[in-house]
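Survey of secondary and tertiary structure
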2 protein chains.
Amino acid sequence: MTKHLFDQAIALTPQADGTWLGRTSPAYANMVGPFGGLTAAQVLNGVLQHPQLLGEPIALTVNFAAALADGPFVVQARPARTNRSTQHWIIEMSQEGQTVITATAVTAARRKTWSLDDEPMPACPAPGDVPLPPYPGPIEFVNRYEMRPVMGCMPEVWDGTGDSSLSRLWVRDHPPRPLDFASLAAIADIFLPRVFIRRSTPVPVGTVSMTVYFHANGAQLAQCGVEYLMGQARAQAFRNGFFDHTGQLWNEEGVLLATTHQIVYYKE
Amino acid sequence: MTKHLFDQAIALTPQADGTWLGRTSPAYANMVGPFGGLTAAQVLNGVLQHPQLLGEPIALTVNFAAALADGPFVVQARPARTNRSTQHWIIEMSQEGQTVITATAVTAARRKTWSLDDEPMPACPAPGDVPLPPYPGPIEFVNRYEMRPVMGCMPEVWDGTGDSSLSRLWVRDHPPRPLDFASLAAIADIFLPRVFIRRSTPVPVGTVSMTVYFHANGAQLAQCGVEYLMGQARAQAFRNGFFDHTGQLWNEEGVLLATTHQIVYYKE
C-alpha cells in the first residue's frame, strides 16, 4: 500500500550523529516555498520519532527563521531537560548549515484529572452541508486538504472592504487520513492570513512564529479517525508589519483538540 | 538613586564566554520559587542586552523546564539566525549545568504600515475607581505589583462553585516604573491560574510554557510611562493535567500592547 502523501512528506531518516534528514515536499508546496504547517509537522516529527521521547506533545512553538529552499534539510531535536513526567525539547531545522527553523516542544505523560472545555465550538452547519470549493486549486498544498469554508474565508472581492478577521471552516486531510499529532500540528497552520480577510486586500505575508497547545492525547486523536475538524481563527492586532491570530480546532463532537496562535509578518 | 527592584532583579552580568550571570530575587518570590514572569523577563533581558541584538522583541516563548532554585543562574542567548530585518534567538537558562528554562525569541526592525486593533479593550471602571486589595500580602512578588481586580480575580470562597475563567484587572509595577519590554513580559504572567478561578478550588499548578506577542514597539511602551495596563485572561480547555489561557494587555487608552498565551500543569 502506498503511504499517504502526508506520511511521505514528514518522513525523516536517522543520521549517524543523531540528527534527522528530511526534504521539502512538492505535494505541500505553497505559493513560495513549503506550507508552514507541513514544516511544523516535520519539526514535531523529529521529536515524535526520537528514541528518547517521553510522553506526548503538550506545546509546540515553531519559529520560521528563513525561507526554506526546495530540497533536503536536517532536523536536530535535543531533549534539553527530562523530568519524571515532562520533557523539554529544543529543535533546529537547517539547510546547508544555516538555521531555517528554531522550535521548542514540551512533551509529557498525561494523567486523568478533572477536565472541562471552556471554549464551546460555535454552532455551524454539518460538514456535509458545506460545499467544497472547486478542486484542484492553483496552490498545491491546498489540494492536500478538504476545506469547507463556513464563514469569513477567502474574500469574494479584493476591494479593501473587509470588516472582520474571524473565519471558520471544516477541514481534514485529503484524501482522509486518521488524525495524529503531526497532522494536527499541520492543520493548526491551515488558516488564511488574517490580513487578507480583514482588509480584503492581498499583501505579502509570512508566518514568523506559531504555537500549538495540544489538549487531546494520542488515543483521543486516534478516536477522531478521519473526522473533520472545525477550525476557527481571528486576529487581535495588526501593527506595523506584524499581526497575530488566535485559533481553535475542535472535532465534530465539539471537543477542543488544540488551541493555536501565530504572529505573521505583513508588508504595507 | 537606588534602582527599581525590578531592574535589580533582571540585572545580568556578562561572562567571558558570552553568557550572562543572574540570580533569583527574593523580592519576586512566589509561593515556591520565583515568579515566572520575572524569569521570563530575565530570559528576555539576555536578548535585550546582547551586543548582537537586531531590532525589538516581536515574539517570546518561555518553557519552564524545571523548578528554579533560589540563587544564581546562567543565561545563554544565541542568535541562531540573523536576517536583514529579523533575528531568531534560542535561549537557555541553567543552574549548576542543568537546563531550567528553554526559550525562543524573535526580534525585528518594525516599519510603519497599515495598522488596526481587532480586539477592543472591554469597558471597565477607571483604575482609580477600583480599590486596591490590602498591602502587603503574603506572596512577596504580589507586593511588587499594583493590581486592581475588575472581575473574576481571586475567588471569595473556595467552595468549587466557579462558573467562568474570565478575569480582568488593572495592573502596573509597584512602585510605578516606566513600561518597557522586560516589564511587559513579566506582567504577561500576572494572571492567577485559571483553574483556581474556574473551579474556586486551589490545586497544585505550574506554568509549563508561555508565549508573548509584542504588538507595540519600544517608543510606544515608553509613551505609556507608568500607566496602568488592563489585563484580561480566560481559559479555553482544562484537560488531563494541563490547561491553557489566552490573554491581552492594553494600555489605558485601549491600545493592545501584547497578547499572551500559556499552558499550565495542574494536579487532580
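Residues numbered from 1 in each chain as written. Chains lettered and ligands numbered in written order. Predicted model: local features only at pLDDT ≥ 70, side-chain atom pairs only at ≥ 80, totals over all residues. Heavy atoms only, no water.

Considerations on the pairing of strand β12 (residues 242–251) of chain A
Residues and elements named next belong to chain A. Our working definition: Burial classification: accessible surface area is computed with a 1.4 Å probe over protein chains only, and a residue below 20% of its type maximum counts as buried, one above 50% as exposed, and the rest as partly exposed. Runs of E in the DSSP output that reach at least two residues are strands. Runs of H or I that reach at least four are helices, and both are numbered from the N terminus. A strand pair is defined by DSSP finding two or more bridges across the two strands.
With ten of its ten residues buried, β12 lies for the most part within the structure. Residue alternation in β12 divides its side chains into two sets, Phe242, Asp244, Thr246, Gln248 and Trp250 and Phe243, His245, Gly247, Leu249 and Asn251, and both sets are buried. Two successive antiparallel strands, strand β11 (residues 229–239) and β12, enclose a turn made up of two residues, where Asn240 displays a positive phi of approximately 45°.

A few points about the side chain of His88 of chain B
Condition: Pairing of N or O atoms within 3.5 Å defines a polar contact, subject to two protein rules: one partner must be a possible hydrogen donor and the other a possible acceptor, and residues neighboring in sequence count only if both atoms are side-chain atoms.
Position of His88 of chain B relative to the elements: it lies in strand β5 (residues 86–95). At 3.3 Å, the side chain of His88 of chain B forms a polar contact with the backbone oxygen of Phe64 of chain A.

Concerning the interface of chain A and chain B
Worth spelling out the cut-off: The criterion used for residue contact is that any of the two residues' heavy atoms lie within 4.5 Å. Buried area is a sum: the accessible area each of two parts loses on coming together, probed at 1.4 Å, counted once for each and added. A carboxyl oxygen of Asp or Glu within 4 Å of a side-chain nitrogen of Lys or Arg is what we treat as a salt bridge. Only Asp, Glu, Lys and Arg are considered charged in this grouping, and only Ala, Val, Leu, Ile, Met, Phe, Trp, Tyr, Cys and Pro are considered nonpolar; every other residue, Gly among them, is considered polar.
On the chain B side, the residues contacting the 63 residues of chain A number 63 residues. Of the roughly 5600 Å² buried between chain A and chain B, counting both surfaces, carbon and sulfur atoms make up 51%. Looking only at chain A, the three residues that lose the most surface to chain B are Trp114, Gln236 and Arg239 of chain A, adding up to 14% of its buried area. Our enumeration of links across chain A and chain B arrives at eight salt bridges. Residues Arg198 of chain A and Asp118 of chain B are paired through a salt bridge, measuring 3.1 Å at the closest nitrogen-oxygen approach. Our enumeration of links across chain A and chain B arrives at 52 residue pairs in polar contact (both at pLDDT 80 or more). Looking at the side of chain A that touches chain B, the element that brings in the most residues is strand β6 (residues 98–108) of chain A, giving seven residues. Residue composition of the side of chain A that touches chain B, grouped by class: 25 nonpolar, 23 polar and 15 charged. Summarising the sheet, β11 of chain A and strand β7 (residues 116–117) of chain B pair through two bridges and their orientation is antiparallel. Its bridge partner being in β7 of chain B, Ala237 of chain A is matched across the sheet by Asp117 of chain B.

So far we have only geometry, and geometry alone does not tell us how the molecule works.
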